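# Descriptive analysis of the structure
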Amino acid sequence: MSEKFDVIVVGAGPSGNAAAYTAAKAGLSVLQIERGEYPGSKNVQGAILYANALEQIIPDFRDDAPLERHIIEQRMWVLDDESFVGTHFRSDDYNKPPYNRYTIIRAQFDKWFSSKVKEAGALVICETTVECLLMDGDQVVGVRCDRQGGEVFADVVILADGVNSTLARKAGFHGEIQAGNVALAVKEILFMPQETIEARFNVKDEEGVVIEMFGKITDGLMGTGFLYTNKDSITLGVGCMLSDFKANPNRSSPYTMLEKMKAHPSIAPMIAGGEMKEYCAHLIPEGGFHAVPKVFGNGWMIVGDSGGFVNAVHREGSNLAMTTGRLAAETAIAAKAAGKGFKAKQLAGYKSALDESFVMKDLHKYRDMPSVFHDNSQFFTTYPELVNRAARTMLTVDGIDKKTKEKEIFSSFRKSRSLAGLAGDAFKLWRAFR
Amino acid sequence: MHIVVCIKQVPDSAQIRVHPVTNTIMRQGVPAIVNPYDLFALEEALRLKDKFGGKVTMLCMGPPQAEDALKKCISFGADDAVLVTDRSFAGADTLATSYALAAAIRQIGREQKVDIVFTGKQTIDGDTAQVGPGIAKRLGLQLLTYVSRIAELDLEANTITVERRAEGGVQVLKTAVPCLITMLEGTNEMRFAPLENMIHAARYPVRKWNKEAAGIEDVTKIGLKGSPTVVSKVFGPTPRAEKALMQSVDDASPRDVSLNVIQKIFTQHPTLERDILAKASV
C-alpha cells in the first residue's frame, strides 16, 4: 500500500532542504527523496553562504552549522596574462557578529542542514532516484522512484532536483536546457595548513577572503574565476557558458582553463604547496530572468537551480535557492490550511511571493546582463589587457614624463576600440547594470 | 531463528586523507558508511532469514551518529537495531569492544535466544579482524572465520556446515549452533531495498543502550581503561622509489620481448642472475 504525504520534496540541496524544513516545522508530513548517498554527496558550490536567507529559516544556525570563515575582505581582480589590476575592500565592520557571509564546504553543510530537516520531522531517504512524476489528469499526485514499489503520493511535489531539472522536463513543464543558459564551472579544493592561509591572506582566527576574477583567465569566453579561503583549504574555480565551450572546442576546455588560472603569476604563489582534496564540475543556471520557466502548476512547484534561480552577476545562488524553497513550502502550508485543494490556483501565491522578494527583483534588474557580456567578448579580453597595460605604463618609472604616458594609454584604448566602441560599451554596461 | 549482526560505522576509507604534518587520519568531512565487509554478513543473515524465517537484530557500538548506519541496515530488511552508545565506551580497542558487544549480545539473548552471530571479516578502519573472534570467545560460541558460503543449516540437529577460505584451498567445516560467523567479502551481493523499507527505516526508532542497559558488569573492561593497546607511532607509507618499467611489444617477437624483460630484471637485480645460475648448476 503506497503512502501519501502532504509534501514530497525531490532533492536535498539548499532549496530542497529549505522547503522540507519549513514544511515539516509547520507540522506537515514531508518525505524528502535524495539521489545521492547522503545529502551533500552530489552537491557542488563554491561555496559562499549568505547568512540572511538561512536566518529566515533557521535563525540560530550559527550555533552549530559547520561554517569555515566569515568574509572580511572582498577582492575584485581584472587579469591579463601576467598581471592584475584590482580593488580590495576590507572592513573591520565585517568582523562584528552576526557575520554577513561565510565560506562553507557543502558536503558538511548539507549534512548539517539535513540533520535539521530530520529534527523538524521530515522523513529523508537517500540513494533513491525519482524517475517521474505521477499524474492524475493534469494534477501531479506523487512520484515514482527507482525502487521496488516505488510509487508514493503527496498533495504537493516540490521539485528541487537541481540544474538539469529532469523531472520538470520529463513532465513537459519546461523545455530542454539551452547551452546558452548554463555555465559550466570547475573547481578544486586545495588543502593547506591554517597558518599558511592566515599568513598568505593576512587574516586571523576565522576571518576569510574572497577573490573574484575576470579577464584573460577565461580565454576570451564570458565567465569568471574565484578563490575562497576555507579553514584549512582554498577553493579555486572558474566557469564559462557551456555554449561557448561547445563553440570553441579547440580553444578551451574547463580543466585547461583552471590549470592556466592556477599557473597565473598572481595566483600561483597563493596556492603553492596546496594538496588537492577534491575536484568537481557542475552546471550553473545563468540564463537569468528570461530563462526562469513556469514555476508552479497543479500540485507542483519548482525551487532553486531547477527553476534557474541564480543571480550570476553577484554570484548568488544558494540564497535564492533557500528563499525559493522556503516560499514554496510556505505556499504549501497556506494551501493546506485553506483546505481548498492544491491546484495551480491555490499555489499561485508562490509566484507572487517570488515577485515581491529580492529573488525576482534582482533577476529582473540584471535581465539583460548575460547577453551584454556574452555578445561583447572585449570585456573579457581587450579591456583587461588595456587596463593592466595602463597601470603598468603609469607605474613604471623610466624617465618618460607622465603626460606622454597618458597619451600613450589613451591611444592604446583608441587603437583597440574606436571612440564609438568605447562609448557604446560604457552605455551597454550602464544599461545592463541600471 | 534469531540472528544478531554486528556492524561498525566507519569513515569511508576511499575518501580519507592523512594530515601531512601530524600523520593522523583527518576524519572531518569524510562520509561515514557501514563497514563494507559487514554488509556481506548482513546479506547472508537476511538470506538465512528468507529461507528459515526468524528475526535479524542489528548491533553496533559507536557514537549517536552511528544510528544512520543501523537505519540503513533496517532498510535492507533487518528487523531490529540496537546502538550501544555511551561516553565511557570511547577509546576502546578490540579487547574492550568485544567485551562490550558480548555483553550486549547476552542482553539481546535475554529477550530472545540468539542462534547465530554474524560479523564482517574485519573493518576497513582498524583491519584487525579481532572483534568477531573476541565475541565468540567471550560468549563461548563456535567460531567460523573467513566463511565464503553457508552450505547447510540444520535447525533440527542444530548444526551448520560452511565453506571457509584457508591458505591453499577451501575448508568445509561442520559445527554446532549457536555459533559466530565472520563473513568473507565478495560472497554475496547486497539487495536493493524496496521504497517501503526505505520509509520504514527512516521512521525506525533505533534502540539506544548506555552501559547499564547493555549489561556491562565491569566498567574497567570498557573504553580507554579496558584497552591495553597502545598506538606508539602513526606514519604514512613512503612511496617506493622504483617504478614499473615499460617494455614495448610493437613489432617484436615474443622471444625478443621475453629476453628484453629478463635483461631488464637482471640489470635491476644484479645478484639474481648469479643466484639462478648457481641453483641451476646444483
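Residues numbered from 1 in each chain as written. Chains lettered and ligands numbered in written order. Predicted model: local features only at pLDDT ≥ 70, side-chain atom pairs only at ≥ 80, totals over all residues. Heavy atoms only, no water.

Looking only at helices and strands, chain A features 16 helices and 17 strands. Relative to the 2.2 N^0.38 estimate, which gives 22 Å for 434 residues, the radius of gyration of chain A is 23 Å and therefore close to what a compact globule would have. Taken along its principal axes, the extent of the C-alpha atoms in chain A is 85 × 50 × 40 Å. When each of the 434 residues of chain A is scored for burial, the buried share is 56%. A separation of at least 24 residues holds for 72% of the contacts in chain A among residues at least 6 apart in sequence. Placing the 51 positive and 54 negative side-chain charges of chain A at their respective mean positions leaves the two points 5 Å apart. (Helix = DSSP H or I, 4+ residues; strand = E, 2+ residues; numbered from the N terminus. Rg over C-alpha atoms; globule rule 2.2 N^0.38 Å. Buried < 20%, exposed > 50% of the residue type's maximum accessible area, 1.4 Å probe, protein only. Contact = heavy atoms within 4.5 Å. Lys, Arg positive; Asp, Glu negative; His and termini not counted. Charge placed at Lys NZ, Arg CZ, Asp CG, Glu CD.)

Let's shift gears to the overall build of chain B. Secondary structure assignment for chain B yields 7 helices and 13 strands. Relative to a compact globule of 282 residues, whose C-alpha radius of gyration would be 19 Å, chain B shows 24 Å and is clearly more extended. For the C-alpha atoms alone, the extent of chain B along its principal axes is close to 70 × 50 × 45 Å. Residues counted as buried form 43% of the 282 residues belonging to chain B. Long-range pairs, those at least 24 residues apart, make up 70% of the contacts in chain B with a sequence separation of at least 6. In the structure as shown, chain B presents an accessible area of about 15,700 Å², 54% of it carried by carbon and sulfur atoms. On chain B, the mean spot of the 34 positive side-chain charges and the mean spot of the 32 negative ones are 5 Å from each other. (Areas by Shrake-Rupley, 256 points an atom, 1.4 Å probe, with all protein chains shown as cover.)

Residues and elements named next belong to chain A. Looking at where A183 falls in the secondary structure, it is placed in strand 11 (residues 182-191). According to the relative accessible area criterion, A183 is buried, its value standing at 2%. Along the sequence, A183 and V295 sit 112 residues apart, while their C-alpha atoms lie 21 Å from each other. In this structure A183 touches C240, M241, L242, H282, L283, I284 and E286, once residues within four positions along its chain are discounted.

Attention now goes to the side chain of N298(A). Residues and elements named next belong to chain A. In this structure, N298 sits in the loop between strand 16 (296-297) and strand 17 (300-302). Here the side chain of N298 touches A344 through a polar contact of 2.7 Å, landing on its backbone nitrogen. Not counting residues within four places of it along the chain, the set of residues in contact with N298 comprises D138, Q139, V140, F342, K343 and A344. (Polar contact = N/O pair within 3.5 Å; in protein donor to acceptor, adjacent residues only side chain to side chain.)

Here we come to the packing of helix 3 (residues 94-111) of chain B against helix 4 (residues 131-139) of chain B. Residue and element names in this part refer to chain B. Where helix 3 contacts helix 4, the axes come no closer than 8 Å and their chain directions differ by 50°. Relative to helix 4, the element helix 3 lies oblique. At the point where helix 3 passes helix 4, the crossing takes the right-handed sense. Residues T94, L95, T97, S98, Y99, L101, A102, I105 and R106 of helix 3 pack against V131, G134, I135, R138 and L139 of helix 4. (Axes fitted to C-alpha atoms, helices over the stretch in contact; angles between N-to-C directions. Parallel < 35°, antiparallel > 145°, perpendicular 65-115°, else oblique. Left-handed = near helix turned anticlockwise from the far one by under 90°.)

The next subject is the domain arrangement of chain A. Splitting chain A by domain gives domain 1 (4-68 + 104-175 + 293-356), domain 2 (180-285) and domain 3 (370-433). Computed over C-alpha atoms, the centres of domain 1 of chain A and domain 3 of chain A are 45 Å apart. (Domains from an automatic or database assignment.)

In this assembly, 26 residues from chain A lie in contact with 19 residues from chain B. Between chain A and chain B lies a buried interface of about 1,900 Å² when both sides are counted; carbon and sulfur atoms form 57% of it. In terms of surface lost to chain B, no three residues of chain A exceed L123(A), R147(A) and F191(A), which account for 27% of the buried area on that side. For the pair chain A and chain B, the number of links is 2 salt bridges. The partner of R203(B) in a salt bridge is E3(A), and the shortest N-O contact between them spans 2.8 Å. Secondary structure elements with two or more residues in the side of chain A that touches chain B: helix 3 (106-119), strand 7 (123-125), strand 10 (151-159) and strand 15 (275-285) of chain A. Per-class residue counts for the side of chain A that touches chain B are 10 nonpolar, 5 polar and 11 charged. (Buried area = accessible area lost by both parts, 1.4 Å probe. Salt bridge = Lys/Arg side-chain N within 4 Å of Asp/Glu carboxyl O. Nonpolar A, V, L, I, M, F, W, Y, C, P; charged D, E, K, R; others polar.)

For the bond from G46(A) to A47(A), the omega torsion is 20°, close enough to zero to count as cis. As for its position among the elements, A47(A) is in the loop between strand 2 (30-33) and strand 3 (48-50). The omega torsion of the bond from V177(B) to P178(B) falls at 5°, within 30 degrees of zero and hence cis. Mapped onto the elements of the fold, P178(B) is located in the loop between strand 11 (169-176) and strand 12 (179-183). With a phi close to 50°, S165(A) is a non-glycine residue in the positive phi region. The phi dihedral of D205(A) is positive, around 45°, even though this residue is not glycine. As for its position among the elements, D205(A) is in the loop between helix 5 (194-201) and strand 12 (207-215). We classify D205(A) as exposed; its relative accessible area is 53%.

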